[in-house]
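Structural overview for review
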Amino acid sequence: MAFDNVGSILQTGSFSSSMKLLLIAASSSRPKYRSLWLGLLRPFTKDGEVLLRYRCYDRCLQCFVRIADLNSDLLSVLELGVRDTYNLDLSFEPDLVIDGGGNIGLFTLRAAAATAAKSKEPVRFVVCEPLPINIEQIQRHLAMNQVEAEVMAGCLGGTRRSMPFYCREAIHSSFDPAKPYTSVIDIPVYTLMDAIGSYPAKRILMKLDIEGMEIEALETFVPLERRPVYIVGELHSYAVNISTLERIFRDHGWTLEICSVTHDHATFRACSPAARPLLASMRNLK
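Owing to the predicted nature of the structure, the values given are computational and were not obtained by experimental measurement.

Digging into the sheet that holds strand β4 (residues 96-100)
Taking strand neighbours across the sheet as the criterion, the seven strands line up as β6-β5-β4-β10-β11-β13-β12 in an open arrangement whose pairing is mixed. Edge strands, defined here as strands with exactly one partner in the open sheet, are β6 (150-153) and β12 (255-262). Averaged over all pairs of adjacent strands, the angle between strand axes in this sheet comes to 15 degrees, irrespective of strand direction. In this sheet, strand β10 (residues 204-208) lies alongside β4 in parallel orientation, the contact comprising five bridges. If you follow G100 over to β10, its bridge partner there is L208. Helix α6 (residues 132-144) rests against β5 (124-129) and β6 of the sheet, and its axis sits at about 180 degrees to β6. The strands touched by helix α8 (residues 214-221) are β10, β11 (229-236) and β13 (265-271); relative to β11, the strand with the most contacts, the crossing angle is about 150 degrees.

Thoughts on unusual backbone geometry
Phi is positive for D47, close to 55 degrees, though the residue is something other than glycine. Mapped onto the elements, D47 comes out in the loop between β1 (45-46) and β2 (49-56). By relative accessible area, which is 71% here, D47 ends up exposed. The phi torsion at D89 lies on the positive side, around 50 degrees, for a residue other than glycine. Among the structural elements, D89 can be located in the loop between α4 (70-82) and β4. For D89, a relative accessible area of 10% translates into the label buried.

Topic: α8
Restricting attention to buried positions, one finds in α8 the residues E214, I215, A217, L218 and F221. Buried positions in α8, seen along its axis, are confined to an arc of 165 degrees and lie on one side of it. Along its buried surface, α8 packs onto α7 (192-196), β10, β11, α9 (238-250) and β13.

Focus: the packing of α4 against helix α5 (residues 106-118)
Describing two packed helices takes the angle between their axes plus the distance from one axis to the other. Contact geometry for α4 and α5: axes closest at 9 Å, N-to-C directions at 10 degrees. Here α4 lies roughly parallel to α5, going by the angle between them. Of the residues in α5, those touching α4 at S76, V77, L80 and G81 are L106, F107 and R110. Across the contact of α4 with α5, the residue classes break down as four nonpolar, two polar and one charged.

Topic: the pairing of β4
Where burial is concerned, most of β4 is hidden: five out of the five residues are buried. Burial of the side chains of β4 extends over both faces: L96, I98 and G100 are buried on one face and V97 and D99 on the other. As judged from the five bridges shared by β4 and β5, these two strands associate in the parallel manner. If you follow V97 over to β5, its bridge partner there is F125.

A few points about the nonpolar core
One broad trend across soluble globular proteins is that nonpolar side chains are buried collectively. By size, the foremost hydrophobic cluster in this structure holds 45 residues, and its most contacted members are I24, L52, L106, F107 and Y230. Every element with two or more residues in this core is listed here: α2 (15-29), β2, β3 (59-66), α4, α5, β5, α6 and β11. Tallying contributions element by element places α5 first for this core, with seven residues. If sequence neighbours within four positions are ignored, I24 has contacts with L41, V50, L52, V65, L70 and L74.

With respect to the environment of T182
Its place among the elements puts T182 in the loop between β8 (161-167) and β9 (183-190). With residues near it in sequence (within four places) discarded, T182 still touches C167 and R168.

With respect to the environment of C56
If you trace the backbone, C56 turns up in strand β2. Taking relative accessible area as the criterion, C56 reaches 2% and is therefore assigned buried. In sequence terms C56 and R83 are 27 residues apart; their C-alpha atoms lie 9.6 Å from each other. Contacts of C56, omitting those with residues within four sequence positions, involve L61, R110 and A113.

The rules behind each value
Residues numbered from 1 in each chain as written. Predicted model: local features only at pLDDT ≥ 70, side-chain atom pairs only at ≥ 80, totals over all residues. Heavy atoms only, no water. Pairing = 2+ DSSP bridges. Helix = DSSP H or I, 4+ residues; strand = E, 2+ residues; numbered from the N terminus. Axes fitted to C-alpha atoms, helices over the stretch in contact; angles between N-to-C directions. Contact = heavy atoms within 4.5 Å. Buried < 20%, exposed > 50% of the residue type's maximum accessible area, 1.4 Å probe, protein only. Arc of directions from axis to C-beta. Parallel < 35°, antiparallel > 145°, perpendicular 65-115°, else oblique. Nonpolar A, V, L, I, M, F, W, Y, C, P; charged D, E, K, R; others polar. Core = buried A, V, L, I, M, F, W, Y, C linked by side-chain atoms within 4.5 Å.

See below:
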């Protein structure tokens, strides 16, 4: 991972955590010298993990980077600790946050910090994650940051069922059997309405990073939802799926913005007609 993030890393937290994060980034971006960087990290490593503290809105948050999953955890920290990869738009003030594809829980921590600074009412958090080693980290991160959330062990999709999930390094596990994998597990698939449950939500924020299941999850959810809903997410197989994603939202009056496209992968955000007037960053989009 390139050193383009040095300036942002140095402003993220304490001097100690910034230095640790720089060494972690160097271990990933300069593999030739990985043993040197990990050696410098050794005094800060306990049980195979490095503790980081970082500022997010008005809160000080904590998380662990696992040496065994260093590249995956580093990417999560850079996206959700150093940067705001998903535009939360604090004007929305959700009372329900669904983190689809929770990884190690850093989106939920960021959303909790954001809503604590703005929301006047209690906010419920639901995290969906299929990988057991990530679920363990989510629960630890929630506890150490005093954030309460329901953790659903599974993935989001269009229908309830069980599917094989191909395990690799934490952030690269997926439903795709074509790439090398270390093991296979069967996981339950839940719908977005399952994640909402019976909670009487008035404004819903969703993050969807669900490894190619986003199209089927949205196809069954968007036509029936009338509440203010703000979705930030990732679209896999962009060239194949972009027209379908556009149709799903367009046919039901939702607003869609494609934020970035890298190779065959895109980040996007969308909002329901009821949510658009509440989102300062989207109300003027055409």
